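These are the residues of each chain, in order.
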Amino acid sequence: MEKVKSLADLKKISESFKKGIDLREKSSHPDDIVQVKVAMATCGIASGAKETMEYLSSELEKRGIEAIVTQTGCMGYCYAEPTIEVTLPGQNPVVYGEVDIRKADEIIEKYIKTGELVNGIIPQNYETID
Amino acid sequence: MHLLVCGGTGCRASESAGIEAKLKSELEKRSLDQSVQVISTGCFGFCEKGPIVKVMPDNTFYTQVTPADAETIVAEHVVKGRRVESLIYTDPSSKEKVEESAKMGFYKKQLRIALRNCGFINPENVDEYIARDGYLALGNIITGMKPQEAIEIMKESGLRGRGGAGFPTGLKWDLTARTEADQKYVVCNADEGDPGAFMDRSILEGDPHSVLEAMAICGYCIGSDKGLIYIRAEYPLAIERLKIALSQAREYGLLGNNIMGTEFSFDIELRYGAGAFVCGEETALIHSMEGLRGEPTLKPPFPSESGYNGKPTNVNNVETLANIPVIYLKGAKWFSSIGTEKSKGTKVFALAGKINNVGLIEVPMGTTLREVIFEIGGGIKDGKKFKSVQTGGPSGGCLTEKHLDTPIDFDNLIAAGSMMGSGGMIVMDEDDCMVSMARYYLEFTVEESCGKCAPCRIGNKRLHELLDHICKGNGKLEDLDRLVNMSNVIKDTSLCGLGQSSPNPVLSTINNFKDEYDAHVTDKKCPAGQCRDLMEYFIIEENCVGCTACARVCPVAAITGERKEPHLINPAICIKCGACMEKCKFDAIIIQ
Amino acid sequence: MSKIKLTIDNRQVEVESGTTIYKAARELGIDIPVLCYMDLHDLNIENKPAGCRICVVEVEGRRNLAPSCSTNCEEGMVVKSHSVRVLNARRTVMEFILSDHPKECLTCLKSGHCELQDMAVKLGIREIPGEAIAEMSTYRLDTSPSIVRNLDKCIMCRRCETMCNDIQTVGALSAIHRGFMAVVAPAFEQNLEHSTCTYCGQCVAVCPTGALTEVNHTNEVLRHLADPSKTVVVQTAPAVRAALGEEFGMEPGELVTGKMVSALRSLGFDFVFDTDFAADLTIMEEATELLSRLQNHLEGDGTARLPILTSCCPGWVNFFETNFPELKDVPSTAKSPQQMFGAIAKTYFAEKQNIKREDMIVVSVMPCLAKKYECQREEFSTDGNPDVDISISTRELAAFIRQANIDFKTLPDEEFDNPMGESTGAGVIFGTTGGVIEAAVRTAYELHTGKKLEKVDFEQLRGLEGVREASIDFNGLELRIGIAHGLGNARKLLNDVRDGKSKYHAIEIMACPGGCIGGGGQPFHHGKSEILKARASALYREDQDKPIRKSHENPFIKVLYDEFLGEPNSEKAHKLLHTHYFDKKKRITIKQ
């Protein structure tokens, strides 16, 4: 990792990541990649988010779907843990709640493969500052 | 096309399952079930107007839908592409129909500032934080601003401490900046301890860098190069993520010497707390970090004059810090435009108790309790009646129906007899006994008092004993006066905030639910049916078929009766274990 | 220092900034009741944890009542020290404290001297509301050779903790547990015996209640007095005569030597002797040892360790055995006067009187609790028979005199018995800080120079400063002397000795602040340091009035050497009058 030696350095790094360099490094055709975020805070992990995340990573690979699965913090829906957010290429992110292994399988098979929504969507109910 | 039907608990109670079935059958009838899917979703957070059906992709938002409306939606909207006007939500203030959910006011009920990155970025990857303009505020400040200028911005923003007391953050920084010393410290108070509260944990687990960045900014402003995070050891994941964040920030040189090529150096150490609630009090926290017994000392001197190792120390809470970088990026004016006159910005709450959507929410100051509980929180579980909401943790008070339209901010909650606290919000329904509730909180404070000052150490114990006495049906009317006097004296004489607020649950329940206390002491009854010692099990003669199941399961042989004849419970023998009630298949046993 | 004007109870007062409300009120003659607070400013001891909350007052404009003992005055402050609100709070808090205190006043050792009892009287507490359901915090009774801890009676004033940690730096006592069960105890709730306790007894000296008391040995003394086969010999330490009168309502500092002798005789002791005699003997041995070490050192003998440290204080001996075992060869090997007395009484004197060792009981009356432990040390016994059988404190003697219905004030003055009752002024001043070294200098000077001292008073060695130093011209040789009283002060000098940085030839150390006059077995001073000053000046007065003021001129000491010991530091003297020290670090165990 290069040290950030000036404010300009920082802005450069920030810009480069905004453009999704990370994604590009991981895939030759970044526009087609599926992004999955698993809420891995204490509350999520306690409800099984770790298993869900492991399952999603390995199954997506096994089923030949190009995707990156990353962890993130608490989304706030404690009543519906584990929660995951799936972003299909070119589409708005969709959050699913109570994603156990069975549900994860359904999400891969239906939503990720065919774009067909499945039960258990958690509608976004907040405003962001972006 | 997708039809999203709210499957949240609130909407389920109002027949959303029926709507879902009806929609499906209507679609099948028209052979549309392959092209249009009916999806059940989690709560939309608008339970007041439920059940909700949302049509995708055009984002039409139907409220108060009945199963009968399902046919209209399919026939009109799905088949003909025409919106069903009668089901579209009317904005109560503008009286205008709002078709698209994105334009609806209730989405603005929650605004994520402190939680802006939580659930969005990977907390273990600093690059994602940087991509979201992370460390930019720090960079701007240390390369282009004098400390005093940055403090002025903090003052203008109107940010107040989110740990409970609501002290203005800018003023605190200013005080510490003005104290001359060879060494100063920035301390992050991550000793979250209120029962049911986990705001700070979620922030540290989801967005550790914003806390680190804010601490560095504070360091620059007050003239400190050393930060300490006091975090409870029971938060292992938060600790791990902080450690990762610290090492990544150091690798980038965002912490350490000469940050971004400037003269400013700053680094942060972690300190672990052993889980004593009182160590959330800043002087106790500092003593604990010094290796001393975690107990408070009298203020003044304030930590801004004499804190850690006797040096000027600025202590800020996690959520307070999480607000700070974005205030510098978006400006003090932007921040102060959110919230109420004296409480700016948002507040994160951990919603818990008898509420449908238990979870973490962030709302602008000034949002009413009603909005939080009935809209964002999805209302009361199992369709029960709302009774009370407890805010401010063990030091807060219980608010009632009449407070529901109080806009939440620091001063309003205090005026209503509770307090903001760190953000725990526990909702109670008609089944919750307010006397036992007060007893529960006192049990907590008795357990968590450090024991240094007499009123908190002994007084709280005596309060708890008396409440227990009353819950057991042994109370007398004059005991209520004693409760009030003891509570007032404990508040008036205790050394720190813990004792000064620990009687709040007692006082607020006596104020708001006096009749419940009266019922306990005069009628020896618990109206909520929670105090077991005040309850009796009865057999309703008409319902009893004399199957003898109850008599056989009773561990103390308190139930007698001939086979096929109504049975009888002898209250003198009954130990109120409830086994009979569980066993009875004929709903013949009740508790009164 | 700037001046501050404020109003207390409608009266104006002007004080230095930094003055507490409590002290400002005193200037107006308003005596705000205090309980946990203790101030011995002449010894730099102030205990003000602001824990008991009895001293609260109302400060206009403040939300809560303020503890006057630790709240500083501010310009324009308006204080009410006895408003209804204050009185109610004070009473209620007192009721809290009493509700967790055993009602054993009738049999409590502290009855009549108990500050809690006095406060209950002062505040007019006549009942304790809710007593019937009030649980008490109870703890295991801990008995050590010197001190009994009955923590059921602890009110968490923390004075003992301040003494043990801040003043004595012993670190045996600190608050443990939380809330209602919070109490002051050794780490891990060990017995004192397994802690770093030195038995200095300063915790007992400041304890306001009966939580910390001496082990009471008066009954054992009585048993021996009643046994006709025993010859019971008593010795009285120098500091006792300067304080015993206080127990009978006499002025502090009134010397009661003659009355004390008279009382002891009426109690039935067969021989009433003076520890001062043994103090003279100690000087003979110690001064000789000092001169020989000094001589060897000056002649270049590397094994001659300097400075020499006095060794008459058993608390101090315990302290270095536990904290500085690596220095155990540095202190003088001379036994303490108590033990020299015992050794001579049960050999020389017993032989003279033709009494068998086992038929002689030696009782000591000491201002000290560590002496109880000292006389139980194994090395101070012959075939299991201790040189000193029982050590009782000044307070125990007073209680004994009262039990015997002796009207102490009207007793005639009587003289000590001979031969071990004769002493010099040098022996008398052993009881105060600086006295031992002054006595040693008087003798060492004449032995070293062969010249007669022009002036025996060494004012430069006297006073209450915690650490003092002086140089004395020994005929061209500049003898550098250090003095410390209070173990915290001792530690400072000891650190230098350990690091080889000490510049002194001789150091006098006494464990208790003020020396033996402030010992843990003395009448309670209740935080009044004037009492200690009066006791010290009493001893100097007695010294002044003595015809002989140098130990080596004591005729009975000369006879003792001539008839029995030979000369100072002879082989026989070594066997009877010297000892060796142990590494006691290992004594401290942590048993779970």
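A quick note: this is a predicted structure, and the numbers were derived from the prediction, not measured.

**Student:** What's the story with the overall build of chain A in this structure? I'm lost.
**Tutor:** When helices and strands are counted, chain A shows five helices and five strands. Put simply, chain A runs from its N terminus to its C terminus through helices and strands in the order α-α-β-α-α-β-β-β-α-β. When the backbone C-alpha atoms are referred to their principal axes, chain A occupies close to 50 × 30 × 25 Å. The proportion of buried residues among the 130 residues of chain A is 42%. The contacts in chain A between residues at least 6 apart in sequence include a share of 61% that link residues at least 24 apart.

**Student:** Would you explain the pairing of strand 13 (residues 231-236) of chain C in this entry?
**Tutor:** Two faces belong to every sheet, and in a regular strand the side chains alternate between them. Residue and element names in this part refer to chain C. Buried residues dominate strand 13, accounting for six of its six residues. Side chains Thr231, Val233 and Gln235 project from strand 13 onto one buried face, and the interleaved Val232, Val234 and Thr236 project onto a second face that is buried too. In this structure, strand 13 lies alongside strand 16 (residues 360-366), joined through six bridges in parallel fashion. Across the sheet, residue valine 232 finds its bridge partner in strand 16, namely isoleucine 361. Sheet topology note: the strand 13/strand 14 (residues 271-274) ladder contains four bridges and is parallel.

**Student:** What should I look at first to understand the domain arrangement of chain C in this one?
**Tutor:** Think of interface size as the accessible area that goes away when the parts come together; that is how it is often given. Residue and element names in this part refer to chain C. Considered domain by domain, chain C is made up of domain 1 (3-82), domain 2 (98-215) and domain 3 (219-577). Between the C-alpha centres of domain 1 and domain 3 there is a distance of 41 Å. Taken together, the contact pairs eight residues of domain 1 with seven residues of domain 3. In terms of residue count, the dominant contributor to the side of domain 1 that touches domain 3 is strand 3 (residues 38-40) (three residues). For the side of domain 1 that touches domain 3, a count of residues per class yields four nonpolar, two polar and two charged.

**Student:** Is there a simple way to think about the interface of chain B and chain C in this case?
**Tutor:** Counting from both sides, the interface comprises 29 residues of chain B and, opposite them, 31 residues of chain C. For the side of chain B that touches chain C, the secondary-structure elements that each account for two or more residues are helix 16 (434-448), helix 17 (454-471) and helix 18 (477-493) of chain B. The leading source of residues in the side of chain B that touches chain C is helix 17 of chain B, at 10 residues. Broken down by class, the residue content of the side of chain B that touches chain C amounts to 12 nonpolar, seven polar and 10 charged.

**Student:** Mind showing me how you'd approach helix 15 (residues 487-498) of chain C here?
**Tutor:** Think of an α-helix as 3.6 residues a turn; residues three or four steps apart then line up on the same face. Residue and element names in this part refer to chain C. Taking 1.5 Å per residue as the helical rise, helix 15 with its 12 residues ought to reach 16 Å, and the 15 Å between its terminal C-alpha atoms agrees with that figure. Residues Leu487, Gly488, Asn489, Ala490, Arg491, Leu493, Leu494 and Val497 constitute the buried set of helix 15. Elements in contact with the buried residues of helix 15: helix 4 (159-167), helix 9 (314-323), strand 20 (467-474), strand 21 (477-485) and strand 22 (506-510). Once helix 15 finishes, glycine 500 follows within two positions and takes phi at roughly 70°, a positive value.

**Student:** Is there a simple way to explain unusual backbone geometry in this structure?
**Tutor:** Only a minority of non-glycine residues have a phi that is not negative, and only a minority of peptide bonds are not trans. That bond from leucine 306 of chain C to proline 307 of chain C is cis: its omega, 0°, falls within 30 degrees of zero. Here the residue pair asparagine 418 of chain C and proline 419 of chain C is connected by a cis peptide bond, since its omega of 10° sits within 30 degrees of zero. In this structure, proline 419 of chain C sits in the loop between helix 12 (394-403) and helix 13 (425-428). Here aspartate 133 of chain B, not a glycine, exhibits a phi torsion of approximately 65°, which is positive. Positionally, aspartate 133 of chain B belongs in the loop between helix 4 (126-131) and helix 5 (136-144). Taking the C-beta count within 10 Å as the criterion, aspartate 133 of chain B has 19 such neighbours and is therefore assigned partly exposed. In this structure, lysine 524 of chain B takes a positive phi of about 55° despite not being glycine. By the secondary structure assignment, lysine 524 of chain B is in the loop between helix 21 (514-523) and strand 17 (537-539). Of the residues examined, lysine 524 of chain B has 15 C-beta atoms within 10 Å and is grouped as partly exposed.

**Student:** Please clarify how the sheet that holds strand 3 (residues 84-87) of chain A should be interpreted in this entry.
**Tutor:** All names here are of chain A. Judged by pairing direction, the sheet is mixed, and its four strands sit side by side in the order 2-1-3-4 without closing on themselves. If you trace the sheet from one side to the other, it starts and ends with strand 2 (67-72) and strand 4 (94-96), each paired once. Looking at each pair of strands side by side, their axes are set apart by 20° on average, direction ignored. Relative to strand 3, strand 1 (residues 34-39) runs antiparallel, the two sharing four bridges. Note that in strand 3 the partner of glutamine 35 across the bridge is threonine 87. Sitting on the sheet, helix 5 (residues 101-114) is in contact with strand 1, strand 3 and strand 4, with an inclination near 15° to strand 3.

**Student:** What's the story with the sheet that holds strand 12 (residues 212-214) of chain C in this structure? I'm lost.
**Tutor:** Backbone-to-backbone hydrogen bonds pair the strands of a sheet. The strands run either parallel or antiparallel. Residue and element names in this part refer to chain C. Read across the sheet, three strands follow the order 8-9-12 without closing on themselves; strand pairing throughout is antiparallel. For this open sheet the edge positions go to strand 8 (142-143) and strand 12, each flanked by a neighbour on one side alone. Direction of pairing for strand 9 (residues 147-149) relative to strand 12: antiparallel, over a ladder of three bridges. Note on strand 12: the bridge partner recorded for arginine 149 is leucine 212.

**Student:** Quick question: what am I supposed to make of the interface of chain A and chain B here?
**Tutor:** With 41 residues of chain A in contact, the opposing surface of chain B contributes 52 residues. Elements supplying a minimum of two residues to the side of chain A that touches chain B: helix 1 (7-18), helix 3 (42-46), strand 2 and strand 5 (127-128) of chain A. Residue classes in the side of chain A that touches chain B are distributed as 22 nonpolar, 13 polar and six charged. Relative to strand 7 (residues 111-112) of chain B, strand 5 of chain A runs parallel, the two being bridged by two bridges. Within the sheet, the bridge partner assigned to glutamate 127 of chain A lies in strand 7 of chain B and is leucine 111 of chain B.

Calculation notes
Residues numbered from 1 in each chain as written. Chains lettered and ligands numbered in written order. Predicted model: local features only at pLDDT ≥ 70, side-chain atom pairs only at ≥ 80, totals over all residues. Helix = DSSP H or I, 4+ residues; strand = E, 2+ residues; numbered from the N terminus. Buried ≥ 20, exposed ≤ 12 C-beta atoms within 10 Å, placed from the backbone. Contact = placed C-beta atoms within 7 Å. Pairing = 2+ DSSP bridges. Domains from an automatic or database assignment. Nonpolar A, V, L, I, M, F, W, Y, C, P; charged D, E, K, R; others polar. Expected span 1.5 Å × (residues − 1). Axes fitted to C-alpha atoms, helices over the stretch in contact; angles between N-to-C directions.

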